[in-house]
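# Chains, contacts and geometry: an overview
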Amino acid sequence: MAIEKIAIEDDRNVPHVLKIWIALYRSSPKVYLPGTDIDFGFSLRCAIPLSVSRIIFRHALYYFGWDQSKDTIYASGCVTGICHSSLLVPGLLAMLLSQKYVPSAKLQGSPQWYQDAMHALLGFCTGYMIYDSFMGYVVEAWQPGVGPVLSGDDWMFLGHHILTTLYMTSSRWVKAGHISAMALMYNGEFSAPIMNVHFVLEKAMEQDCYKGATWLPTLFTYNEQVFSLLYIICRVLVSPFVIGHVTYDLLIRGRKNVPLWLSICWMPMCWGVQFGSIPWIYTCIDTLKNGPLMNGGVGAHGEL
């Protein structure tokens, strides 16, 4: 009874945005990775509705006149990505604000609701990586008699998904460093919704069903400007300092919490995304230089 009373009192401090995550995680039957206490079942259960939603979005685009091409398949994946990031980012922010910000902090001693919410959010993101890897690089890349055929970019994104999953899973395994994972995820996912909107609009302009939509180029242009500005803020003004602090904390201050060998393994994952974003940073800078935000507006048909 005493333990239950403590749990009830503890849960009164839960941020509202996290309550649904905690409820979903606690109600989900646990399936543990062999030899660990890491529940992997929640991630698998998250991958299923994400996969179904991708199929639903694809057929919704077909219904609205999109052709049955790779562009439509790609756009449906982007819409699912918007849902994933829009659900994940508020939860990550609540988590980062609810505890003292120490990237290498141990999970032990944190309230139970916090531990469950952490497992839920990292499990959900892991589920997204599983879903996107399976749907994008197996099912939709499958060619009869050959198997999945992947491009160089496909392999790069698949590698990103694998490394991200290893980072999140290993932080749950050692019960430390989870804050570093959530901080990096938050910074990376913050611009993802509007970035995916950009990709959807880009593909929409190539569809015959929107050839007469004079509003679409204008919408695309302004979304592109907002996305470029947000991306530069996240990747140039914020990300290097976040990753730099995470690096310092893990390698210098956090050795007692996270094994040094594991922190070293995390470093390429931390900095790889940052260096990998450099081409996009240059693209966004050029977009802003040549766009209406710096050149006095846009024409009625989206012409710069």
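Cut-off values and rules
- Residues numbered from 1 in each chain as written.
- Predicted model: local features only at pLDDT ≥ 70, side-chain atom pairs only at ≥ 80, totals over all residues.
- Heavy atoms only, no water.
- Helix = DSSP H or I, 4+ residues; strand = E, 2+ residues; numbered from the N terminus.
- Rg over C-alpha atoms; globule rule 2.2 N^0.38 Å.
- Buried < 20%, exposed > 50% of the residue type's maximum accessible area, 1.4 Å probe, protein only.
- Contact = heavy atoms within 4.5 Å.
- Areas by Shrake-Rupley, 256 points an atom, 1.4 Å probe, with all protein chains shown as cover.
- Lys, Arg positive; Asp, Glu negative; His and termini not counted.
- Charge placed at Lys NZ, Arg CZ, Asp CG, Glu CD.
- Axes fitted to C-alpha atoms, helices over the stretch in contact; angles between N-to-C directions.
- Parallel < 35°, antiparallel > 145°, perpendicular 65-115°, else oblique.
- Left-handed = near helix turned anticlockwise from the far one by under 90°.
- Nonpolar A, V, L, I, M, F, W, Y, C, P; charged D, E, K, R; others polar.
- Phe/Tyr/Trp six-rings, centres within 6.5 Å; stacked < 30°, edge-to-face > 60°.
- Salt bridge = Lys/Arg side-chain N within 4 Å of Asp/Glu carboxyl O.
- Expected span 1.5 Å × (residues − 1).
- Core = buried A, V, L, I, M, F, W, Y, C linked by side-chain atoms within 4.5 Å.

### Brief notes about the overall build of the chain
Regarding its fold elements, the chain presents eleven helices and two strands. Counted from the first residue to the last, the chain has its helices and strands arranged as α-α-α-α-α-β-β-α-α-α-α-α-α. The globule rule puts the C-alpha radius of gyration for 304 residues at 19 Å, and the 21 Å found for the chain is close to it. Burial analysis of the chain (304 residues in total) assigns 47% to the buried set. In the chain, the share of contacts with a sequence separation of at least 24, taken over all contacts with a separation of at least 6, comes to 75%. Accessible surface computed for the chain: about 15700 Å², of which carbon and sulfur atoms make up 67%. In the chain, which carries 20 positive and 21 negative side-chain charges, the distance between the mean positions of the two groups comes to 11 Å.

### Some words on the packing of helix α5 (residues 112-139) against helix α7 (residues 178-189)
It is the contact of α5 with α7, at a shortest axis distance of 11 Å, that shows an interaxial angle of 50 degrees. Taken together, α5 and α7 sit at an angle that is classed as oblique. Read as a crossing pair, α5 and α7 show a hand that is left-handed. Between α5 and α7, the contacting residues are Y114, M118, L122 and C125 on the first element and H178, I179, M182 and M185 on the second. Classifying every residue of the contact of α5 with α7 gives seven nonpolar, one polar and no charged.

### Let's talk about the packing of aromatic side chains
Considering all chains together, one arrives at 15 aromatic pairs under this definition. Between Y231 and W280, the aromatic rings sit 6.3 Å apart at their centres with planes inclined by 55 degrees, giving tilted as the arrangement. Of this pair, Y231 sits in helix α9 (residues 215-253) while W280 is found in helix α11 (residues 278-290), placing the two residues 49 residues apart along the sequence. The buried category is assigned to Y231, whose relative accessible area is 4%. The class for W280 is partly exposed, based on a relative accessible area of 29%.

### So, the side chain of T169
Residue position: T169 is located in helix α6 (residues 152-174). The buried category is assigned to T169, whose relative accessible area is 15%. Each residue touching T169, except ones within four places of it in the same chain, is listed here: L33 and I38.

### Section: the pattern of salt bridges
With the rule as written, the count across this model stands at seven salt bridges. Where D116 meets R26, a salt bridge forms, and the shortest distance between an N and an O atom there is 2.6 Å. With D116 in helix α5 and R26 in helix α2 (residues 16-27), the pair connects residues that are 90 residues apart, well separated along the chain. When its relative accessible area of 9% is taken as the criterion, D116 is described as buried. R26 sits in the partly exposed class, given a relative accessible area of 39%. D37 is the partner of K175 in a salt bridge, and the nearest nitrogen-oxygen pair spans 2.7 Å. Placement of K175 in the loop between α6 and α7 and of D37 in the loop between α2 and α3 (41-63) is noted, with a sequence separation of 138 residues between them. When its relative accessible area of 35% is taken as the criterion, K175 is described as partly exposed. For D37, a relative accessible area of 44% translates into the label partly exposed.

### With respect to α3
Helix length check: α3 (23 residues) gives 34 Å between terminal C-alpha atoms against 33 Å at 1.5 Å per residue, within 8%. All buried positions along α3 are accounted for by G41, F42, S43, C46, A47, L50, S51, S53, R54, R58 and L61. Looking one or two residues beyond α3, the residue adopting positive phi is G65, at roughly 105 degrees.

### A closer look at the side chain of Q115
With respect to the helices, strands and loops of the structure, Q115 is situated in helix α5. Apart from residues lying up to four places away in sequence, Q115 is in contact with L107 and S110.

### Re the nonpolar core
Side chains of a nonpolar character, in soluble globular proteins, are inclined to be buried together. L18, M95, Y167, M182 and W266 are the most contacted members of the largest nonpolar core, which has 49 residues in total. Breaking this core down by element, the ones donating at least two residues are α2, α3, α4 (70-98), α5, α6, α7, α9 and α10 (260-276). The contacts of M182, once residues within four sequence positions are left out, are L92, M95, L96, Y114, M118 and L122. Counting 19 residues, the second-largest nonpolar core is a separate cluster that includes M195, A213, I232 and I281.

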